[in-house]
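# A closer look at the structure
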Amino acid sequence: MPMFFERLVRSFDGVFEIFWIGILGPKALAAYSLGYLFILFLRSFGMGIRIAGQSLVAHAVGSKDFEKASIVSAQMIILLFAYSVTLSLVGFFFTPFIISIMNLDTQVTGFALDYMKSGFISLIAIEAMFVFGSVFRGTGEPGILVVSMIAGTIVSVIAMPLFMFGFGSFEGIGIAGSFFGLGLGRLVGFLIMLFYLLKGWSQVFFKIRFFRPNLGIISSILSIAWPATVQNLLERGSYLLLLRILTPFGADALAAWGVGNRVTMIARLPCFGLQGSTRTLVGQNLGASKPNRAVKTVQYTLTILVGIMGFLSVAQFLFSRDISIFFGLVGSSTSVASFALRVFSFGLIMESIRRVMAGAFQGAGNSKPPMLAQIIISWILMLPTAFYLSNSAGLREEGVWFAMLLAQCTGGCILFLWFFSWMKTKISSNLGSKNI
């Protein structure tokens, strides 16, 4: 529940971000769709490190080795700091080149440049918040993260419109202000989590010697991180190509994708909370040599997940038009976005199952199956189908929506069957070893 509330609170500033950007018009929303996904794509390596670190921290906590959990946390922070600083500098200077390859109109390009540059400037604060969050998820202390996220979100929600539209003698900086407001909130959240650690209110603790590079632990982190990184690169890279396929169909299609993607992510908040807790509990149970309990955890999680996501799927379908209008999509863009939301609603359950099963694999320290499944569903299935349906079949942007739905349903089935088959083999081999 704390992980769910953390995700819920975090979504508020995302909702307000789209709302305020929507005031600037559909072209600003189209730029947001592009810029947000590009930065998310480039942050994939950081995501892989966080997933790996959370898994190793959970294993260490499960075996009651809190010093090892602390050392893993310190090494993860070193890796992510070096990565985020490098990415911020490279991304800021290469933003014009990145935007130029998307063949956008002048106004969308201007919005996108401002949005992405501000995003790269804010990146270090955002990554700092998330790396500490992964530590607390791994230790099973997400309540600390909830407190930090509430404070950071309040700051973000207040700061975004002020930076965008101005206050007092400050005139505002437009779309770039949304990312600066978000970064300020994440910085506040990071400082609060750092305060908890320094006060000794967590199971992990820091000493200066923990921050000396430990090649053994760094190697362990990277061995789990690289498949998770590749998985994220494959997923987010495929979405970038989907945006390229959508570009010829105009700003309405891009704006519909941006709103539809964000709203669907909000609808999947329970899934993300359950995914995070599953990753932690599977890791802790395997660390404590209780594989049967790890399997039961996943089974219970899926039962809860299907009930919650079924309700949210119906709600998203019924209120798709109202949601589109709320985010500033009017006229022809309303019908485009509402249709996208309805199609996405049918894939909510299976996509949520895929996310939870990926979390279960990652918690077990086996991040390769989600990566391999991503290759199949994104690059072998979704992209060719999207191109064919949108162009050859003449369905335009609707062909992209249907291709995404097909990929979501297929991905959920693949990882569901794969995980339980793999765990059955793992448990059988463990029993055989004990008998011998």
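Residues numbered from 1 in each chain as written. Predicted model: local features only at pLDDT ≥ 70, side-chain atom pairs only at ≥ 80, totals over all residues. Heavy atoms only, no water.

## Brief notes about the pattern of salt bridges
Applying the stated criterion across every chain, the model contains nine salt bridges. Among the salt bridges present, the one from R262 reaches E17, with a minimum N-O distance of 3.7 Å. Of this pair, R262 sits in helix α9 (residues 251-267) while E17 sits in helix α1 (residues 2-23); the two residues are 245 residues apart in sequence, bridging distant segments of the chain. Here E127 ties to R43 by a salt bridge, and the two come within 2.8 Å at their closest N and O atoms. Of this pair, E127 sits in helix α5 (residues 106-139) while R43 sits in the loop between α2 (26-42) and α3 (44-62), placing them 84 residues apart in sequence. Accessibility classification places E127 together with R43 in one group, the buried group. What you see here is one network of salt bridges that share partners, running through E235, E351, R354 and R355. (Salt bridge = Lys/Arg side-chain N within 4 Å of Asp/Glu carboxyl O. Helix = DSSP H or I, 4+ residues; strand = E, 2+ residues; numbered from the N terminus. Buried < 20%, exposed > 50% of the residue type's maximum accessible area, 1.4 Å probe, protein only.)

## Some thoughts on the packing of aromatic side chains
Using the criterion set out here, one finds 26 aromatic pairs in the structure. With a centroid separation of 5.5 Å and 75 degrees between ring planes, the pair formed by Y196 and W201 is classed as edge-to-face. The structure contains a cluster of three or more aromatic residues connected by ring pairs, namely F361, F416, W418, F419, F420 and W422. Positioned above the aromatic ring of F92 is the side chain of K117, whose terminal nitrogen or guanidinium carbon lies 5.5 Å from the ring centre. Residue placement shows R342 over the ring face of F317; its charged tip is 5.8 Å from the ring centre. (Phe/Tyr/Trp six-rings, centres within 6.5 Å; stacked < 30°, edge-to-face > 60°. Lys NZ or Arg CZ within 6 Å of the ring centre and 35° of its normal.)

## Brief notes about the confidence of the model for the protein
Across the protein, the average pLDDT comes to 88, with 97% of residues at or above 70. Between the elements of the protein, mean pLDDT differs from a low of 80, seen in α1, to a high of 93, seen in helix α15 (residues 368-392). The low-confidence segment residues 432-436, where pLDDT is below 50, has zero contacts with residues more than four positions distant or belonging to other chains. (pLDDT = per-residue confidence, 0-100. Contact = heavy atoms within 4.5 Å.)

## Considering the nonpolar core
Counting 101 residues, the largest nonpolar core has I221, L242, L246, W401 and M404 as its most contacted members. Of all the elements, α5 adds the most residues to this core, at 15 residues. With residues near it in sequence (within four places) discarded, M404 still touches Y239, L242, W257, F344 and M382. Formed by 25 residues, the second largest nonpolar core is a distinct cluster that contains V298, A358, A360 and I427. (Core = buried A, V, L, I, M, F, W, Y, C linked by side-chain atoms within 4.5 Å.)

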